[in-house]
Amino acid sequence: MKKRILSLLLLAIPMVSFAQEKGLDQQIDEAFGNATGWFVNIVFYQIPFSDTIQIYWVLFPLILGALYFTFYFNFINFKGFFTSINIVRGKYDSLEGREDHNVEISKSEFTDEEDNPDTIRIEGHTGEVSHFQALTAALSATVGLGNIAGVAIAVSIGGAGATFWMIVAGFLGMASKFVECTLGVKYRDIEADGTVYGGPMYYLTKGLKNKTLGKFLAVLFAIFVIGGSFGGGNMFQVNQAFQLVENITTPLGGVSILHGKGWLFGLVMATLVGIVIIGGIKKIAKVTDKIVPFMVAIYVAASLFVIFSNYTMIGEAFSQIFNGAFSPEGIAGGAVGVLVQGFRRAAFSNEAGIGSASIAHSAVKTKYAASEGMVALLEPFIDTVVVCTMTALVLIITGNVAAENATLNDAQAILLTSGAFESAISWFPYVLTVAVVLFAFSSMISWSYYGFQGWVFLFGRSKRMEYTYKVIFCVFVVIGAAASLGSVIGFSDAMVFAMMVPNMIGLILLAPKVKEELNKYMKAIKESKA
C-alpha cells in the first residue's frame, strides 16, 4: 500500500509541473475559491444589527454555549482549575487504581499502521496512561500554527484589543472543552481488540433520547470533521508552513527558489504525511513525541525573552490590549469587530466547543469520564490564555500592531510574527520556520485521525475505506501548499466552525449527563479525602 501511495504521488509530479509551466498556482486557488465560496458565505454570513455592526451568526452558539456551560457547571473553568492541576499531578491516581503515577502503555493491542502519534500515547487498555500524558498528547495537536500565525492575523485586523477577547474566549472555552471531552469518554466505542472509536458522532447517536436527531447531527458532524481535516487540519497547516519557508529562503532583494513552487513543497509534505499515517507510526511517534514539546518549549522561551528584554513596555502593552478591546474606534469595525476577530481566532486555535478534542480524549482509559474532562479544560488555558497572549505581547511590544497593518493580506500578516521575533533575536526566524513545519506536520497527522474517525463512521471500518481517506488526505496536502492563503483560510475556518454547530447542540442537550459524571467524580474525591 505504501508503494501504491508513493506511485500516485510520483505520477502527480509531471501533471503539477505542467500546471506550473502555465502558471496555474493562482488558477488552482481561484478554482478552489469558486468551489468552496458558497459554503464559506453560508457559514460566515453576517447578521446586520445596524449600519456599522454586523456579527457572524456562528459566533452566537460558540459564545452563548460556552457562557451557558460556565454558569451551568458553576464556573468549573475557574473553580475546577486547581483540581484539574492536581489530577494531572497524580494526586487522585488512587481513584483509578494507580498509586505511584507510573503507568505503562500497552505495546501491541493496537495496529501499528492505523494509529497516530497523538492518540497512540493516550491509548493502551491493558496498561494505562497518566492524565499528564493525555494532556501533553492533546496539546501537541492544538499548540502550534493557530498560536503563531492565527494571532498575527487577529491583531493585524483587530488590533491589540483582539488579544483581550482571545483571552476571554480561552477562559470560556475551558467549560466547553470540559463538557465535550467528558462525553467523549462516556459514550465511546471500544472494539474487541481494544481499538477506540469516539467523539461527537458517538455521543450524539448514543446519548440523545431522540435517535433520529442524534443520527442526523452525528452524520452532519462527520461530514464537517472530514471537511475540517482537509481544510483547517491539512491545507491551512501546509499553506502557512510554506509561506514561512518561502520567506526564509528569499535573499535580500531577490526571489526565493521556491517561489511559485508550492506544489513541490506540498508533494514532499504529502509523502512524509503519507508514510506516517499509512504505516510505521510507532517509531515515528517516538521522534515526534520529543520534537513537538521541545519546539513548544523553545517558542515559549523565545517569547518570554522578547517580552522581558522589553520589560518596561509590558505595562503599556497590557494597556493597549485592554483599551483596544473596548475602543469604539477599532480597526475592524469598532469594539464588536475586535471582539469578533478575537473569538474567531481563539476558536480556531484551541478548538473548544468544536468537538475534535473529544475524539482524541476518548482513547484514554479511566474509570471516571469527568476526570478526563477536568484535565481537558486546561488545554484552552495553556493554548490560548498563555501561549496566544505571549505571541500577542511580542507583536505589540515590538511595534508590529499598527493601523497600517490592518490592510495587510493574510500571508503578510503571518510574517509579522517572524519579523517581530527577528527584531529581538536575529536568528530566530530560522528556528521559527522549523517549528512551524513541525507543528504543521504534527497537526496534520492529528487531524488525519480526526477526519478518519468521521470517515469510518459514515462509510464503515474497512481497510478499503481507510486507505481511500488517507490517499485523498495526501492529495489535499499538495493542493493546500499550491493554493494561496486567502481561499484556504476561509474554507478551513468555515469547516471548523461548521463542526461546532451539531456538536454544540449535542453538548447543551447532554449537559445534565455531564453533571451526573462530575458529581460522581467529585464525590469520589471527597470520599478519598475522608
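Residues numbered from 1 in each chain as written. Predicted model: local features only at pLDDT ≥ 70, side-chain atom pairs only at ≥ 80, totals over all residues. Heavy atoms only, no water.

1. As for the packing of helix H9 (residues 161-186) against helix H17 (residues 369-376)
So, step 1. Where H9 contacts H17, the two axes come as close as 7 Å, and the packing angle between them is 145°. Crossing of H9 against H17: the hand is right-handed. Judged by residue contacts, Lys177, Phe178, Cys181, Thr182, Val185 and Lys186 of H9 engage Ala369, Ala370, Glu372, Gly373, Met374 and Ala376 from H17.
So, step 2. Within the contact of H9 with H17, the residues separate by chemical class into 7 nonpolar, 2 polar and 3 charged. (Axes fitted to C-alpha atoms, helices over the stretch in contact; angles between N-to-C directions. Helix = DSSP H or I, 4+ residues; strand = E, 2+ residues; numbered from the N terminus. Left-handed = near helix turned anticlockwise from the far one by under 90°. Contact = heavy atoms within 4.5 Å. Nonpolar A, V, L, I, M, F, W, Y, C, P; charged D, E, K, R; others polar.)

2. Describing a nonpolar patch on the surface
So, step 1. A cluster of nonpolar side chains, namely Phe49, Phe60, Leu64, Leu67, Phe71, Phe75 and Phe78, defines an oily patch on the protein surface of about 670 Å² accessible area.
So, step 2. By the secondary structure assignment, Phe75 is in the loop between helix H3 (59-72) and helix H4 (76-79).
So, step 3. According to the relative accessible area criterion, Phe75 is partly exposed, its value standing at 31%. (Patch = residues over 30% accessible without salt bridge, like charges linked within 9 Å, V, L, I, M, F, W, Y side chains within 5 Å. Areas by Shrake-Rupley, 256 points an atom, 1.4 Å probe, with all protein chains shown as cover. Salt bridge = Lys/Arg side-chain N within 4 Å of Asp/Glu carboxyl O. Buried < 20%, exposed > 50% of the residue type's maximum accessible area, 1.4 Å probe, protein only.)

3. Examining the confidence of the model for the chain
Low-pLDDT portions of the prediction should not be read for the details of their coordinates.
So, step 1. Residues of the chain with pLDDT of at least 70 account for 75%, and the chain-wide mean is 76.
So, step 2. A low-confidence stretch, residues 11-22 stays under pLDDT 50, and its non-local contacts, those more than four residues away or across chains, total 11 contacts.
So, step 3. Within the model, the stretch residues 280-284 combines pLDDT values under 50 with 14 contacts to residues more than four positions away or in other chains. (pLDDT = per-residue confidence, 0-100.)

4. Digging into the packing of aromatic side chains
So, step 1. Considering all chains together, one arrives at 30 aromatic pairs under this definition.
So, step 2. Ring geometry for Phe230 versus Phe473: centroids 6.3 Å apart, planes at 45°, classification tilted. Here Phe473 lies in helix H21 (residues 463-482) and Phe230 lies in helix H11 (residues 211-248), a separation of 243 residues in the sequence.
So, step 3. Given the relative accessible area of 9%, Phe230 is considered buried.
So, step 4. Both rings, one in Trp455 and one in Tyr469, keep their centres 5.6 Å apart while their planes meet at 50°; by these two values the pair is tilted. Linking Trp455 in helix H20 (residues 428-459) with Tyr469 in helix H21, this pair joins segments that are 14 residues apart in sequence. (Phe/Tyr/Trp six-rings, centres within 6.5 Å; stacked < 30°, edge-to-face > 60°.)

5. Topic: empty space enclosed by the protein
So, step 1. In this structure the tally under the stated criterion is 4 cavities of 30 Å³ or more.
So, step 2. Elements represented by at least two residues in the lining of the second largest cavity include exactly H3, H9 and helix H15 (334-350).
So, step 3. The residue inventory of the lining of the second largest cavity, partitioned by class, reads 9 nonpolar, 3 polar and no charged. (1 Å grid on protein atoms, 1.4 Å probe; cavity = no way out; pocket = protein on both sides within 12 Å on 5 of 7 lines; lining within 4 Å. Points joined across faces, edges and corners; volume = space filled by probe spheres on them.)

6. Remarks on the nonpolar core
So, step 1. Among the nonpolar cores identified, the biggest contains 146 residues, and Phe73 and Phe178 are the most heavily contacted of them.
So, step 2. In contact with Phe178, not counting residues within four places along its chain, are Phe73, Ile76, Ala370, Gly373, Met374, Leu377, Val514 and Leu518. (Core = buried A, V, L, I, M, F, W, Y, C linked by side-chain atoms within 4.5 Å.)

7. Observations concerning the pattern of salt bridges
Think of it this way: side chains of opposite charge can pair up when their charged atoms draw near.
So, step 1. Across all of its chains, the model carries 6 salt bridges by this definition.
So, step 2. Among the ionic pairs, Glu466 bridges to Lys463, the shortest N-O distance being 4.0 Å. Of this pair, Glu466 and Lys463 both sit in helix H21, separated by 3 residues, roughly a single helical turn.
So, step 3. Residue Glu466 is classed as buried on the basis of its relative accessible area of 3%.
So, step 4. Through salt bridges with shared partners, a single ionic network connects Lys186, Glu517 and Lys520.

8. Concerning the side chain of Asn239
So, step 1. Residue position: Asn239 is located in helix H11.
So, step 2. There is a polar contact of 2.8 Å between the side chain of Asn239 and the backbone oxygen of Gly480. (Polar contact = N/O pair within 3.5 Å; in protein donor to acceptor, adjacent residues only side chain to side chain.)

9. Section: helix H10 (residues 200-207)
So, step 1. Counting buried residues along H10, 7 of its 8 residues qualify, which places the element largely inside the surrounding structure.
So, step 2. Looking at H10, one finds that the buried residues are Pro200, Met201, Tyr202, Tyr203, Leu204, Thr205 and Gly207.

10. A look at a positive patch on the surface
So, step 1. Together, Arg89, Lys91, Lys526 and Lys529 line one region of the surface with positive charge.
So, step 2. Among the structural elements, Lys526 can be located in helix H22 (residues 485-529). (Lys, Arg positive; Asp, Glu negative; His and termini not counted. Charge placed at Lys NZ, Arg CZ, Asp CG, Glu CD.)

11. Notes on unusual backbone geometry
So, step 1. With a phi angle near 55°, Asn74 is a residue other than glycine that sits in the positive phi range.
So, step 2. In this fold, Asn74 is placed in the loop between H3 and H4.
So, step 3. What makes Asn74 partly exposed here is its relative accessible area of 44%.
So, step 4. A positive phi angle, close to 55°, is found at Phe75, a residue other than glycine.

12. Some remarks on the packing of H9 against helix H18 (residues 378-397)
Helices that pack against each other are described as a pair by the angle of their axes relative to one another and the distance between those axes.
So, step 1. At a minimum axis separation of 8 Å, H9 and H18 run at an interaxial angle of 170°. Relative to H18, the element H9 is oriented roughly antiparallel. Residue-level inspection shows Thr163, Met166, Ile167, Gly170, Phe171, Gly173, Met174 and Lys177 of H9 in contact with H18, the latter providing Glu379, Pro380, Phe381, Thr384, Val385, Cys388, Thr389, Ala392 and Ile396.
So, step 2. Here the contact of H9 with H18 is built from residues that sort into 10 nonpolar, 5 polar and 2 charged. (Parallel < 35°, antiparallel > 145°, perpendicular 65-115°, else oblique.)

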